[in-house]
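# Residue-level structural notes
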Amino acid sequence: MVSSTRRSPTPRAAEPRAQTDAPRELLPWLAEPLRHTLATQQAHALLLQAPPGVGQFDFAVELARAWLCETPQDQRRVPGREGLACGHCSSCHLVDERSHPDLRLLVPEALRAEAGLPVEEGGSDAEGEGRKRKPSREIKVDQVRAALDFAELTAGRARLKVLLLHPAEAMNAVAANALLKTLEEPGALRFVLSCGSTDSLLPTIRSRCQAVRLLPPAREQALVWLQSRGVGDAQEAQVLLDACGGRPLEALQRQREGMDAQAWRQFPQWVASGQSAAVSGWPLPVLVEALSKLCHDRSLVSLGLAPRYFTRSELAAGDLDQLTAWAAQLRRHARVAEHPFSAGLAVEALMLGGRF
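Residues numbered from 1 in each chain as written. Predicted model: local features only at pLDDT ≥ 70, side-chain atom pairs only at ≥ 80, totals over all residues. Heavy atoms only, no water.

## Section: the overall build of the protein
Rules: In this description a helix means any DSSP run of H or I spanning at least four residues, a strand means any run of E spanning at least two, and both kinds are numbered starting from the N terminus. Using a 1.4 Å probe on the protein chains alone, a residue whose accessible area is under 20% of its type maximum counts as buried, one over 50% counts as exposed, and one in between counts as partly exposed.
Of the regular secondary structure elements, the protein holds 13 helices and six strands. Every one of the 356 residues in the protein was classed for burial, and the buried ones make up 47%.

Next up, the structure:
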């Protein structure tokens, strides 16, 4: 499930727990890739690449936890976590609470709550009218500089310090350049850069990291896990997992947002008839993504290929020129889905755009 070579909708909020509690549950498909990565690590910086919804943030945190764990390696014998962080020591507890003095999590403002960090109050907008601006989805240069100041301090508990960036592609160009010098001369600092795609990262950053690729879990393992989290029966879990391209955390999130198997199966018909009311409760980015998947599968069916997200019986073939134009339109909508002028009008326009 993981390979390691030399080069480059969902984090979850941390839940406080007592130091005497059982270790935090590890996603079952992460244990073996974690052991492999820890055993084959050669560089001070790891660049973790994984599709959203398979646990890349959890993986990155577990790497940091293992590096900082205070239990000797030969005594880490908790069932299922052999060779990984013990989950019991003070250091593991501090990582859970996001208060370890030798760990710095660097995430965009918009992801702080999901990463288990305190949410900072947003500032006023540029017009100075007192309105609160939306939290940034970028990792900014000031954040990187503050993290580098942290890196220069003497380690508080461990013999090393850890800097975790997620998602690394959220760094703007100035922030990435600010990180580069320390990445070249890290001292006692280790890096975990977690990202969905390395294409937007500077080549000089990629070249200074050991690449680690995390793949989605085996289908049966993902289905069992989803059912253990209350995602209906086997059929319900299967439909949602297919809808999310085999990404179990994303499937769980969609189910919690109100998308069930029946709604997903009916979605192509809703689009064909322009039933915007049926999806009025869906977050706009989720709707744009669902329409993009529908467009993708209709294109495959039109070419005589098997669909990926829907079943063949739910889809109608279409004109490829129209489908190509629709896909381009959806990509434009995706860039502004977080900031629509009117969500209601946007939903109606999006649903009407697929009626052909």
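## Remarks on the confidence of the model for the protein
Defined as follows: The score called pLDDT rates the predictor's confidence residue by residue, from a low of 0 to a high of 100. The contact rule is simple, with two residues in contact once any of their heavy atoms fall within 4.5 Å.
The pLDDT averaged across the protein works out to 86; a share of 89% of its residues lies at or above 70. Across residues 1-21, confidence stays below pLDDT 50; counting only partners more than four residues off in sequence or on other chains, it has 76 contacts. pLDDT under 50 marks residues 123-129. Its contacts with residues more than four places away, or in other chains, come to eight contacts.

## Digging into the nonpolar core
The condition is simple: Definition of nonpolar core: a set of buried residues of the types Ala, Val, Leu, Ile, Met, Phe, Trp, Tyr and Cys, connected through side-chain atoms within 4.5 Å.
F267, W282, L287, L291 and M351 are the most contacted members of the largest nonpolar core, which totals 76 residues. A total of nine residues in this core trace back to one element, the largest contributor, which is helix α11 (residues 284-302). Excluding residues within four positions of it along the chain, W282 makes contact with M259, A263, F267, W270, L287 and A290.

## Observations regarding the packing of aromatic side chains
In this description, an aromatic ring pair is defined by two values, namely the gap between the centres and the angle between the planes. As a reminder, the rule being used: Whether two aromatic rings pair depends on their centres lying within 6.5 Å, for rings of Phe, Tyr and Trp, where Trp uses its six-membered ring; planes under 30 degrees apart make the pair stacked, over 60 edge-to-face, and the rest tilted. Consider the ring centre and the ring normal. A charge sits over the ring if Lys NZ or Arg CZ is within 6 Å of that centre and within 35 degrees of that normal.
If you walk through the whole model with that rule in mind, you get six aromatic pairs. Judged by centre distance (5.3 Å) and plane angle (85 degrees), the ring pair of W29 and W225 falls under edge-to-face. Taken together, the positions of W29 in the loop between β1 (2-7) and α1 (31-40) and W225 in helix α7 (residues 219-228) put the pair 196 residues apart, joining distant regions of the chain. Through successive ring pairs, a cluster of aromatic residues spans W264, F267, W282 and F310. Across the ring face of F356, the terminal group of R298 is positioned such that the distance to the ring centre comes to 4.8 Å.

## A closer look at the packing of helix α8 (residues 234-243) against helix α10 (residues 261-272)
Rules: To get an axis, a line is fitted to the C-alpha atoms, and for a helix only the part in contact is used. The angle between two axes follows their N-to-C directions and goes from 0 to 180 degrees. Angles are sorted into four bins: roughly parallel if under 35 degrees, roughly antiparallel if over 145, roughly perpendicular if 65 to 115, and oblique for all others. By convention, the crossing between two helices is left-handed when the near helix turns anticlockwise from the far helix through less than a right angle, and right-handed when the turn is clockwise. Residues are grouped as follows: nonpolar covers Ala, Val, Leu, Ile, Met, Phe, Trp, Tyr, Cys and Pro; charged covers Asp, Glu, Lys and Arg; every other residue, Gly included, is treated as polar.
Contact geometry for α8 and α10: axes closest at 8 Å, N-to-C directions at 50 degrees. Taken together, the axes of α8 and α10 are oblique relative to one another. Between α8 and α10 the crossing geometry is left-handed. Along its contact with α8, which presents Q235, E236, V239, L240 and A243, the element α10 presents A261, W264 and R265. Class assignment of the residues belonging to the contact of α8 with α10 gives a composition of five nonpolar, one polar and two charged.

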